[in-house]
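Survey of secondary and tertiary structure
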Amino acid sequence: MAKYHRHHTTATLLLIAALLLVSSPLRSLASAQAVVANVVVGNNPVGVAYDPAKGEVFVAISAAGTVSVISDASDTIAATVRVGRAPIGVTYDPAKGEVFVVNYGSPEISVISDTTDRVVGDVTAGPTPYALAYDSEKGELFVTDADDNVVSVVSDTTNKVVANVTVGSSAYGVAYDPGKGEFFVTEADDNTVSVVSDTTNGVVANVKVGSSPYSVVYDPAKGEVFVTEDDDIVSVISDANNSVVATVGVGDTPIGLAFDASRGEMFVSNYLSATVSVISGSSATAVSQSSGTESPPGALVLMFAVALVAVLISYLAWRRVGTESRHGESQKESSRSMDSSSPNQAR
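Please read all numbers here as calculations on a predicted model, not as lab measurements.

What counts and what doesn't
- Note that residues are indexed from 1 along each chain, following the sequence as it is written.
- For this predicted model, a pLDDT threshold of at least 70 governs which residues receive local features, and a threshold of 80 or more governs which side-chain atom pairs are given and counted, while totals over whole chains, interfaces and linings are taken from all residues.
- As a rule here, side-chain values cover all heavy atoms of the structure and leave hydrogens and water aside.
- To qualify as a helix, a DSSP run of H or I must reach at least 4 residues; to qualify as a strand, a run of E must reach at least 2; elements of each kind are numbered from the N terminus.
- Buried residues are those whose accessible area, probed at 1.4 Å on protein chains only, stays under 20% of the maximum for their type, while exposed residues exceed 50% and partly exposed ones sit between those limits.
- Contact between two residues is taken to exist if any of their heavy atoms lie within 4.5 Å; hydrogens are not considered.
- For every accessible area listed, the method is Shrake-Rupley and the probe measures 1.4 Å; residues are considered covered only by the protein chains on display.
- Polar contact criterion, stated in full: a pair of N or O atoms within 3.5 Å, where within protein one must be able to donate a hydrogen and the other to accept it, and residues adjacent in sequence count only if both atoms are side-chain atoms.
- Two strands form a pair only when DSSP identifies at least two bridges running between them.
- Every angle, taken between N-to-C directions, lies between 0 and 180 degrees, and every axis is a line fitted to C-alpha atoms, over only the stretch in contact when it is a helix.
- Among the buried residues, those of types Ala, Val, Leu, Ile, Met, Phe, Trp, Tyr and Cys that are joined through side-chain atoms within 4.5 Å form a nonpolar core.
- To pair, rings of Phe, Tyr and Trp, with the six-membered ring standing in for Trp, must have centres within 6.5 Å; the planes then decide the type, stacked if under 30 degrees apart, edge-to-face if over 60, and tilted in the middle.

1. Points about the overall build of the chain
Check the secondary structure of the chain and you find two helices and 24 strands. Counting only residues that meet the buried cut, the chain has 44% of its 347 residues in that class. Taking as baseline every contact in the chain between residues at least 6 positions apart, the subset at least 24 positions apart corresponds to 36%. About 17,600 Å² of surface is accessible on the chain, with carbon and sulfur atoms providing 55% of the total.

Rendered as structure tokens:
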């Protein structure tokens, strides 16, 4: 029985450890910041931009071909604006009080007035416009085209394309650097980032990075550009010399980027690992990684596998002791039978 108790104790400790592993993400989630509201919009919301002048959030609803306008005072939809097919990218133009929406399914950019929440113009861009960024110094927008290898430069005065810049293959992300007056464009097929001057509307540098660069965000405090890549890293490019100065390992398949100016931190959403990595701008290292509302599936499988093994060990230990006990009782019974038959044999 002592051996059984040892096996049982080990199994119980493993089971408790497994349960603690399962419950620990739940405890950390309980102490995390809480969601204060959920606003129901249409199917497939994609791009989002904030209008601080009106206190409104503009959300591209790809499946419906609309933009939902959400009031940040009431967290309710204040208006729904019909735009082109499959809207994905959204950016705010504070100088004009307008919102520009990239319609991936139609070669146009919808211009929405934040005063009337109505479309006031359309800009014809490349065949597959994808992302856009606003140049506050020039009053221009840079629009990438995923298939045409160009960046369209759009004037917010005339809402017309004033220049086309030839870049690398599969131009996806774009970010504006006001300190240098430059745009950084990711090119997934070429594994490069093109640096475009807003003065000449020409490429001034090509920076070699990792596999399939996608999203790009500028850090004005450090004068650096952060780029997500398919090999689970974020490259950090200095705008002083247009070269990679650091690479940071993050989660599986990093997609989105957002910069927190107050803390000097970059937030990276990792699509397949269901986590968000936090990168310190001062050290260009990942300082933490937070899970979302659910633990990653692989982690849950591992946790429950440990629990299952613990239960199995406990069960096998119980079976073994039971078998040993029955075997011992059988031997004792056999011995008693032999002892009782010995006098008869003597007679």
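Moving on from the model shown.
2. Here's the deal with the environment of Asp 189
Mapped onto the secondary structure, Asp 189 falls in the loop between β14 (182-187) and β15 (192-197). Along the backbone, Asp 189 and Ser 211 are 22 residues apart, and their C-alpha atoms lie at a distance of 8.3 Å. Beyond its immediate chain neighbours, meaning those up to four positions away, Asp 189 contacts Ser 169 and Ser 170. In terms of polar contacts, Asp 189 uses its side chain to reach the side chain of Ser 170, at 2.7 Å.

3. Considering the sheet that holds strand β20 (residues 243-249)
Taking strand neighbours across the sheet as the criterion, the four strands line up as β17-β18-β19-β20 in an open arrangement whose pairing is antiparallel. Only two strands of the sheet have a single neighbouring strand rather than two, namely β17 (216-219) and β20. The sheet shows a mean angle of 25° between the axes of neighbouring strands, direction not considered. Bridge count between β17 and strand β18 (residues 224-229): four bridges; the pairing is antiparallel. Among the inter-strand pairings, Val 216 is bridged to a residue of β18, identified as Val 227.

4. Observations concerning the side chain of Asn 103
Along the chain, Asn 103 turns up in strand β6 (residues 98-103). What Asn 103 contacts, discounting residues up to four positions off in sequence, is Val 83, Gly 84, Arg 85, Ala 86, Pro 87, Glu 108, Ile 109, Ser 110 and Pro 129.

5. Details of the nonpolar core
As a rule of thumb, nonpolar side chains are buried together in soluble globular proteins. Residues Phe 142, Val 174, Phe 183 and Val 196 are the most contacted members of the largest nonpolar core, which totals 14 residues. For this core, the secondary-structure elements that each account for two or more residues are β9 (129-135), β11 (150-155), β12 (160-166), β13 (171-177) and β14. Among the elements that make up this core, the one with the highest residue count is β13 (three residues). Apart from the residues lying within four places of it in its own chain, the contact partners of Phe 183 are Ala 133, Tyr 134, Asp 135, Phe 142, Val 174, Ala 175, Tyr 176, Ser 194, Val 195, Val 196 and Asp 198. In this structure, Val 67, Val 69, Val 83 and Ile 112 belong to the second largest nonpolar core, which totals 13 residues.

6. Side note on the sheet that holds strand β8 (residues 118-124)
If you trace the four strands from one edge of the open sheet to the other, you get β5-β6-β7-β8, paired in antiparallel fashion. The sheet is open, and its two borders are formed by β5 (87-93) and β8, each paired with just one other strand. Neighbouring strand axes in the sheet, compared pairwise and without regard to direction, differ in orientation by 25° on average. In this sheet, β8 lies alongside strand β7 (residues 108-113) in antiparallel orientation, the contact comprising six bridges. By the bridge assignment for β8, Val 111 is matched with Gly 121.

7. Details of the packing of aromatic side chains
Within this structure, the stated rule accounts for six aromatic pairs. Centre to centre, the rings of Tyr 130 and Tyr 214 are 6.4 Å apart; their planes meet at 80°, and the pair counts as edge-to-face. In this pair, Tyr 130 sits in strand β9 while Tyr 214 sits in the loop between β16 (203-208) and β17, placing the two residues 84 residues apart along the sequence. Given a relative accessible area of 27%, Tyr 214 falls into the partly exposed group.

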